[in-house]
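Structural characterization, general
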Amino acid sequence: MPREAEPSINDRAFLLQALQENIRLDGRALDAYRHLDISFGDDYGVADVRLGKTRILTRISASITAPRPDRKFDGIFTITTELSPLASPAFESGRQSDLETHLSRILETSLRRSQALSTESLCLVAGQKVWALRADIHVLDYDGGLIDACCLSTLTALRHYRIPDTSVKGGDLTVYTSLERDPVPLALLHHPVCVTLNFFESGEKWLVDATLMEQQCSEGEIVVAANPQGEVCLVQKGGGGEVDALVLLRCVEVAMGKVRELGKAMDGALAKDAKRRDKGGMSRELRAENER
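Here's what I pulled together on the structure shown here. Numbering of residues starts from 1 in each chain and follows the order in which that chain's sequence is written. Predicted model: local features are reported for residues with pLDDT of at least 70 only, side-chain atom pairs are reported and counted for 80 or more only, and whole-chain, interface and lining totals are derived from all residues. Values reported for side chains reflect all heavy atoms of the structure, with hydrogen atoms and water molecules removed beforehand.

**So, the overall build of the chain**
- Helical segments are the DSSP runs of H or I of at least four residues, strand segments are the runs of E of at least two, and each set is numbered from the N terminus. Broken down by element type, the chain carries six helices and 14 strands.
- To sort residues, take the accessible area from a 1.4 Å probe on protein chains only and compare it with the maximum for the residue type: under 20% means buried, over 50% means exposed, and anything in between is partly exposed. Residue burial in the chain is summarised as follows: out of 292 residues, 45% are buried.
- Note on contacts: a residue pair qualifies if any of its non-hydrogen atoms lie within 4.5 Å across the two residues. Taking the intrachain contacts of the chain between residues at least 6 apart in sequence as the baseline, contacts between residues at least 24 apart amount to 69%.

**Focus: the sheet that holds strand 13 (residues 220–226)**
- A pair of strands is considered paired only if DSSP assigns at least 2 bridges between the two. The antiparallel open sheet is built from four strands, whose spatial order is 12-11-13-14. Only two strands of the sheet have a single neighbouring strand rather than two, namely strand 12 (205–208) and strand 14 (232–239). On average, each strand axis in the sheet is inclined to that of its neighbour by 20°, with strand direction left out of account.
- Most of the contacts of helix 2 (residues 98–113) go to strand 14, to which it runs at about 160°, and overall it touches strand 11 (193–200), strand 13 and strand 14.
- Lines fitted to C-alpha atoms define the axes, with helix axes restricted to the stretch in contact, and inter-axis angles between N-to-C directions lie between 0 and 180 degrees. Across the sheet, helix 5 (residues 245–277) lies against strand 11, strand 12, strand 13 and strand 14, angled at about 140° from strand 11, the strand it touches most.

**Concerning empty space enclosed by the protein**
- Within this scheme a cavity is a closed region of a 1 Å grid, computed over the protein atoms alone, that accommodates a 1.4 Å probe without allowing it to escape, whereas a pocket is open but has protein on both sides within 12 Å along at least five of seven lines; lining residues each have an atom within 4 Å of a point. Grid points are joined across faces, edges and corners, and a volume is the space filled by probe spheres set on the points. Summed over the entire model, instances satisfying the criterion amount to one cavity of 30 Å³ or more.
- In this structure, the largest cavity spans a volume of roughly 30 Å³.
- Contributing to the lining of the largest cavity are Tyr 33, Leu 36, Val 49, Leu 51, Asp 148, Ala 149, Leu 152 and Leu 262.
- Within the residue set of the lining of the largest cavity, elements represented by two or more residues are strand 2 (46–51) and helix 3 (146–160).
- Each residue receives one of three labels: charged for Asp, Glu, Lys and Arg, nonpolar for Ala, Val, Leu, Ile, Met, Phe, Trp, Tyr, Cys and Pro, and polar for the others, Gly being one of them. Of the residues that constitute the lining of the largest cavity, the class distribution is seven nonpolar, no polar and one charged.

**Examining the packing of helix 3 against helix 5**
- Contact geometry of helix 3 with helix 5 gives a least axis separation of 11 Å together with a crossing angle of 40°. With respect to the hand of their crossing, helix 3 and helix 5 are arranged in right-handed fashion. Where helix 3 abuts helix 5, its residues Leu 152, Leu 155, Thr 156, Arg 159 and His 160 lie against Leu 262, Met 266, Asp 267, Leu 270, Asp 273 and Arg 277.
- Looking at the contact of helix 3 with helix 5 residue by residue, the class counts come to five nonpolar, two polar and four charged. A crossing counts as left-handed when the near helix is turned anticlockwise from the far one by less than a right angle, and as right-handed when that turn is clockwise.

**Re the layout of surface pockets**
- Each pocket or cavity is described by its volume, and for the second largest pocket that value is around 370 Å³.
- For the lining of the second largest pocket, the secondary-structure elements that each account for two or more residues are strand 4 (76–83) and helix 2.
- Here the lining of the second largest pocket is composed, by residue class, of four nonpolar, four polar and seven charged.

**Comments concerning a negative patch on the surface**
- A contiguous patch of negative charge on the surface is contributed by Glu 201, Glu 204, Glu 219 and Asp 244.
- By secondary structure assignment, the location of Glu 204 is in the loop between strand 11 and strand 12. Like-charged residues within 9 Å of one another, or nonpolar side chains (Val, Leu, Ile, Met, Phe, Trp, Tyr) within 5 Å, are grouped into patches, provided each residue has over 30% relative accessible area and no salt bridge. Each accessible area is a Shrake-Rupley result for a 1.4 Å probe, and residues are judged covered by the shown protein chains and nothing else. Any Lys or Arg side-chain nitrogen located within 4 Å of an Asp or Glu carboxyl oxygen qualifies as a salt bridge. Think of it this way: Lys and Arg go in the positive column, Asp and Glu in the negative one, and His and the chain ends go nowhere. Lysine's charge is taken at NZ, arginine's at CZ, aspartate's at CG and glutamate's at CD.

**Section: a nonpolar patch on the surface**
- Judged by side-chain polarity, Val 232, Val 235 and Leu 248 come together as a nonpolar surface patch covering roughly 200 Å² of accessible area.
- Topologically, Val 235 is positioned in strand 14.

**Brief notes about the pairing of strand 1 (residues 36–40)**
- In the sheet, strand 1 pairs with strand 2 via five bridges, with the strands oriented antiparallel. Across the sheet, Ile 38 pairs through a bridge with Val 49, a residue of strand 2.

**Observations regarding the side chain of Thr 58**
- Among the structural elements, Thr 58 can be located in strand 3 (residues 54–65).
- The buried category is assigned to Thr 58, whose relative accessible area is 0%.
- A 3.5 Å cut-off defines polar contacts: any pair of N or O atoms within that distance qualifies, except that in protein one atom must be a possible hydrogen donor and the other a possible acceptor, and neighbouring residues in sequence count only when both atoms are side-chain atoms. Among the polar contacts made by the side chain of Thr 58, one reaches the side chain of Ser 153 at a distance of 2.7 Å.
- When near neighbours in sequence (up to four residues on either side) are disregarded, Thr 58 contacts Gly 45, Val 46, Ala 47, Ala 135, Asp 136, Ile 137, Ser 153, Thr 154 and Ala 157.

**As for the environment of Ala 87**
- With respect to the element layout, Ala 87 can be found in the loop between strand 4 and helix 2.
- When its relative accessible area of 8% is taken as the criterion, Ala 87 is described as buried.
- A sequence separation of 87 residues divides Ala 87 from Thr 174, and the C-alpha atoms of the two residues are 42 Å apart.
- Those residues within four positions of Ala 87 in sequence are excluded, and the remaining contacts are Val 139, Leu 140, Asp 141 and Tyr 142.

This is how it looks when you write it as structure tokens:
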């Protein structure tokens, strides 16, 4: 199975020496994210997130199906990931790697099991018909920060998506087109975001949003999933290095600040896109500009 090219001995020594002096090779602070850009497609539910050189595209789709036998009043929400060979030579199409398995489990716990999406709201006819919602995550380019970018892209796409409006009369289900009725937003109960911190020297040094090279040189990582309200959904440590309990608490504290920072960036991108799609609003602005 292909693997990522490991940093050379000189590159690794140079990076570690720089970190001892609190310097990162790209000039960022130890707790700073790379440039974040969030954009949307023409259709609702398509989010394109660029975090440095890492790029993630998430698409939300929905179909009507029968509910699961043990959850007759809940809709279905599934998350699928695709790590394309175009993103990295270490990725193989049609074969799930350890990284993809790890990513899927983190997203499953952070977004689905934390009940970020109300699956009860996806029920159309109890015991007969529900919405089956699917999030397809495509990794288009990879340079570290995979978990953070994928979680942010998926959550943004869920918040951006609009599901067709429906009505039930006499047991008959009617699904309206966008011309008949405006689609409605999904019922999201909270907005969990993942923040990954890579640590060095048994936790004496740690980084936020490590690049691929920093990630390869680190002793391990700590993933924290939380929402802007301060509720922690997940804390997971990976790698063989030891981390003191006080260091772990400090990492969670730092992650909470970054969660709020990412949440504001997501809110701003969604508000900007909503303004772009508001044709009436644009017409008013054009009229006001012509009057001036």
